[in-house]
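Report on the structure
Listed below, chain by chain, are the residues.
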Amino acid sequence: MTQKVNSQEPTSKKSTDGAALTAQPRIKDAEWTWARIWTRYRFAIVTVINLTVFFIIWQLLAHFEVIGPHLIFPTFTDTLRALKIGWLGGQADDGTSFELLRDFVIAKNAWESLQRYAISMFIAIGIGIPIGLAMGGFKWVDAILSPYVWTLSSLPRLAIYAPLVMIMGIGESIKYALIILTAIFPVIINTWAGVKTTEQSLINAARVFGAGRAQIYKKVVLPYTLPFVVSGIQLSLSRGLIGVVIVEFLTGASTLGGLGWLIFRSASAFNSALTYASLMSLAVFALILVQGTRSMEAKIAPWRQVSKT
Amino acid sequence: MTATGQARRPLIVADSMTAGYELERERKLLTALEGVSLTVHEGEFLVLVGPSGCGKTTFINVIAGLVKPWAGTVTFDGKPIDGPGEDRSMVFQDYAIMPWRTVEHNIQLPFELRPHNFSKAEVAEKVQDIIEDVGLVGFEKSFPYELSGGMRQRVGLARAMVTQPKVLLADEPFGAVDAMTREVLQAQLEALVMNAGQTVVFITHSIDEAIALGDRIAVISNRPGKVREIVEVDMERPRLAEGEITSHPRYGELREHLWNLVKDEALGAQDAHHDDSETTGDPRLDRLSTSPATTMDPGI
């Protein structure tokens, strides 16, 4: 019986030329069997088991100090406790090695980083797109900016830190400068490449049907470039995240330096639980950001996804 | 669709025209056509055949106003061609329809690009009519990537015909379409053009296609291209609406004659063939893969 129901299960595969196909028939009032639950939720089930096992192994390794003492490698439960205090408050009760772990310490630092990140990304994208468009559209802009863009984008950005410190000193502005420099180039280069690779035949078609220079940009080049810009933004977002952590580590602070600062600061204070709690917070944020933006291009430009395969 | 003997008014006149294009990567100019004189008469279906790279596309691009001749003159209705105009539209070999536009929005494009006096409703009606003519009903809201090659070229054909231009230019429009779809599209094109009385300049590689569609067939020689001979196709229309055109008594003769002309050129073209692959001429771009920044940016 279960076998039969299972075999009639409609495939959930999406058809690429959906327009030509009619909807697949669905089974009504199918029995709620274990087999059905498994086929539908198997990935969720496997993930839950997988993570549970992971955390149990972590807990065991830390509890029996296989990797090192608790100062170096915290237990999962201590990390959870640090997460709870760091995000939701509730004083650390034993007060032994938890000097940094104050109420809301992760939340406050995360907010600090988020502001810094958001402002920098806003500026990087806001400057990057026009620069890329101008470089793609005007030969002389390309010629003038090209050496700087390509040198800086090829250069490991950390190396510019020293000269930047000499000019700007160690303050808030250098943080923004370095995050923006870390993040801006994928947007510029992708936008430029989109403009430059716009198919000549599409431009010719627009010209034949009466488009002038401005209309060619509006009706052909910009729509063609849009998915390039989106994937550039996507790359820039993850670059910027790296930039934030590095910058906060480099510049340091006495109390509130952001999430990156908290990770390094707590590690050097051997408050391993807080280090791991901060790291987990960052990981979750990065995961949401990257996965959230991954489908952006597919949504904005479905034709590119198909032509790639 | 002029019968032979009827008074024919010259519409497009090329007089000892030389034209070519620049190979950007190699930074050199390539002469595609040299001293070509050719007249396209009003209402006729002129087919150009010849080996690849012989300058057929350049010729059609000159008429379209996309390319300026280097020497000689090309006139349309007595006036020298200076850029594209609404009396000429074009069907492209690689369709050249906008991938981000739906079928109906692609077909509507000519009305967006040129000023006109039609109301929105009239434009919508014209678009709908041509969609019916080319057999795209039901696909109005589809995107090109959801369509087969044949369907995409129907969109290209509809876009070119929706404004009822005087001249239809077609650059190997059915070259990338499978053989069965190709025959259907040829018949559709013949019907559309007969209906509207258009003048057509049509490029093809295929002798069969040339005989099926052309009133006259101009055989172009190897690059730099010259008109080698013009062959009249004295077969009545419609040729493709019903029955096999290949069983027509004149068909075999014409085919053999054309083949003999084209054969020499095709053999000669083998060593003159050049790489058609598109390059941007920019070494930085040519190194890029599909997602540029990932390959070059070291990150931090």
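Read on for a plain summary of the structure. (Residues numbered from 1 in each chain as written. Chains lettered and ligands numbered in written order. Predicted model: local features only at pLDDT ≥ 70, side-chain atom pairs only at ≥ 80, totals over all residues. Heavy atoms only, no water.)

Here we come to the overall build of chain A. When its secondary structure is counted, chain A shows 13 helices and 0 strands. Taken from N to C terminus, the helices and strands of chain A fall in the order α-α-α-α-α-α-α-α-α-α-α-α-α. In chain A, 64% of the contacts between residues at least 6 apart in sequence involve partners at least 24 apart. Approximately 17100 Å² of chain A is accessible, and the part contributed by carbon and sulfur atoms is 68%. (Helix = DSSP H or I, 4+ residues; strand = E, 2+ residues; numbered from the N terminus. Contact = heavy atoms within 4.5 Å. Areas by Shrake-Rupley, 256 points an atom, 1.4 Å probe, with all protein chains shown as cover.)

It is worth spelling out the pattern of salt bridges at this point. Residues and elements named next belong to chain B. If you walk through the whole model with that rule in mind, you get 20 salt bridges over all chains. Where lysine 166 meets aspartate 77, a salt bridge forms, and the shortest distance between an N and an O atom there is 3.1 Å. Of the two residues, lysine 166 is situated in the loop between helix H4 (149–161) and strand E7 (167–171) and aspartate 77 in the loop between strand E4 (71–76) and strand E5 (79–80); the sequence distance between them amounts to 89 residues. We classify lysine 166 as partly exposed; its relative accessible area is 37%. (Salt bridge = Lys/Arg side-chain N within 4 Å of Asp/Glu carboxyl O. Buried < 20%, exposed > 50% of the residue type's maximum accessible area, 1.4 Å probe, protein only.)

Its 16 residues give helix H5 (residues 139–154) of chain A an end-to-end C-alpha distance of 21 Å, which sits within 8% of 22 Å, the value for a rise of 1.5 Å per residue. For H5 of chain A, the full list of buried residues reads Val141, Asp142, Ser146, Val149, Trp150 and Ser153 of chain A. (Expected span 1.5 Å × (residues − 1).)

Let us look at the packing of helix H6 (residues 161–168) of chain A against helix H7 (residues 172–197) of chain A. Residue and element names in this part refer to chain A. Running from N to C, H6 and H7 cross one another at 145°; their axes reach a closest spacing of 10 Å. The interaxial crossing formed by H6 with H7 has right-handed handedness. Here Tyr161, Leu164, Val165 and Met168 of H6 come into contact with H7, specifically with Ser173, Ile174, Ala177, Leu178 and Leu181. Taken together, the residues that form the contact of H6 with H7 break down as 8 nonpolar, 1 polar and no charged. (Axes fitted to C-alpha atoms, helices over the stretch in contact; angles between N-to-C directions. Left-handed = near helix turned anticlockwise from the far one by under 90°. Nonpolar A, V, L, I, M, F, W, Y, C, P; charged D, E, K, R; others polar.)

Moving on, we come to the side chain of arginine 159 of chain B. Summarising the element assignment, arginine 159 of chain B is placed in helix H4. Of the side chains with opposite charge, aspartate 94 of chain B comes closest to the buried, unpaired arginine 159 of chain B, at an N-O distance of 7.8 Å. Engagement of the side chain of arginine 159 of chain B in a polar contact is seen with the backbone oxygen of tyrosine 95 of chain B, the distance being 3.4 Å. If near-sequence neighbours (up to four positions away) are discounted, arginine 159 of chain B is found in contact with Ala205 and Phe209 of chain A together with Phe92, Tyr95, Ala96, Ile97, Met98, Asn106, Ile107, Leu109 and Pro110 of chain B. (Lys, Arg positive; Asp, Glu negative; His and termini not counted. Polar contact = N/O pair within 3.5 Å; in protein donor to acceptor, adjacent residues only side chain to side chain.)

Right, let's talk about a negative patch on the surface for a bit. Taken together, the side chains of Glu122, Glu125, Asp129, Glu132 and Asp133 of chain B make up a negatively charged region of the molecular surface. In this structure glutamate 125 of chain B comes out as exposed when scored by relative accessible area, which is 52%. (Patch = residues over 30% accessible without salt bridge, like charges linked within 9 Å, V, L, I, M, F, W, Y side chains within 5 Å. Charge placed at Lys NZ, Arg CZ, Asp CG, Glu CD.)

Turning to the packing of aromatic side chains, a few remarks are in order. Each aromatic ring pair is summarised here by two numbers: the centre-to-centre distance and the angle between the ring planes. Residues and elements named next belong to chain A. A complete count under the given rule lists 18 aromatic pairs over all chains for this structure. When the centroid spacing of 5.9 Å and the interplanar angle of 40° are considered together, the rings of phenylalanine 55 and tryptophan 58 count as tilted. With phenylalanine 55 and tryptophan 58 both in helix H2 (residues 34–63) and 3 residues apart, the pair spans about one turn of that helix. Phenylalanine 55 gets classed as partly exposed once you look at its relative accessible area, which sits at 22%. Accessibility expressed as a relative area gives 9% for tryptophan 58, which makes it buried. (Phe/Tyr/Trp six-rings, centres within 6.5 Å; stacked < 30°, edge-to-face > 60°.)

Within helix H8 (residues 200–208) of chain A, 7 of the 9 residues are buried, which leaves it mostly tucked inside the rest of the structure. Ser201, Leu202, Ile203, Asn204, Ala205, Ala206 and Val208 of chain A are the residues of H8 of chain A that are buried. Against helix H9 (213–251) of chain A together with helix H1 (56–64), strand E6 (88–91), helix H2 (103–113) and H4 of chain B lie the buried residues of H8 of chain A. Taken from the residues just after H8 of chain A, glycine 210 of chain A is the one with a positive phi, measuring 110°.

Right, let's talk about the sheet that holds E5 of chain B for a bit. All names here are of chain B. An order of E2-E1-E4-E5 is seen for the 4 strands of this open sheet, with the pairing classed as antiparallel. Looking at the sheet topology across the chains shown, the edges are occupied by strand E2 (28–41) and E5. Bridging between strand E1 (residues 10–23) and E4 involves 5 bridges; their strand directions are antiparallel. Among the inter-strand pairings, threonine 18 is bridged to a residue of E4, identified as alanine 71. (Pairing = 2+ DSSP bridges.)

Once that is clear, we can look at the pairing of strand E10 (residues 227–232) of chain B. Residues and elements named next belong to chain B. Pairing of strand E9 (residues 216–220) with E10, which is carried by 5 bridges, proceeds in the antiparallel orientation. Note that in E10 the partner of arginine 216 across the bridge is glutamate 232. A loop of 6 residues connects E9 with E10, the two strands running antiparallel in sequence.

Quick look at unusual backbone geometry now. Residue and element names in this part refer to chain B. Cis peptide bonds are those with omega within 30 degrees of zero, and the linkage from arginine 237 to proline 238 qualifies with -5°. Considering the arrangement of structural elements, one finds proline 238 in the loop between E10 and helix H7 (249–272). One non-glycine residue, tyrosine 95, lies in the positive phi region at around 70°. Note that tyrosine 95 resides in the loop between E6 and H2. A relative accessible area of 12% means that tyrosine 95 is categorised as buried. Positive phi, close to 50°, is recorded for alanine 96, a residue that is not glycine. Tracing the backbone through its elements, the reader meets alanine 96 in the loop between E6 and H2.

A contiguous nonpolar patch, built from Ile56, Leu60, Phe64, Val66 and Ile67 of chain A and spanning about 520 Å² of accessible area, is present on the exposed surface. Residue valine 66 of chain A is classed as exposed on the basis of its relative accessible area of 56%.

Attention now moves to the environment of proline 238 of chain B. The class of proline 238 of chain B is partly exposed, set by a relative accessible area of 47%. Taking the C-alpha atoms as reference points, proline 238 of chain B and methionine 194 of chain B, 44 residues apart in sequence, are found 8.2 Å from one another.

All names here are of chain B. One open sheet holds the 6 strands; their spatial order is E6-E7-E8-E3-E9-E10, and the pairing between them is mixed. Single-partner strands in this sheet number two, and they are E6 and E10. Here the strands of the sheet are splayed against their neighbours by 20° on average, with no regard to which way each runs. When strand E3 (residues 45–49) meets E9, the two strands line up parallel, connected through 4 bridges. Bridging across to E9, leucine 46 finds its partner in arginine 216.

None of the figures reported here should be taken as evidence of function without further support.
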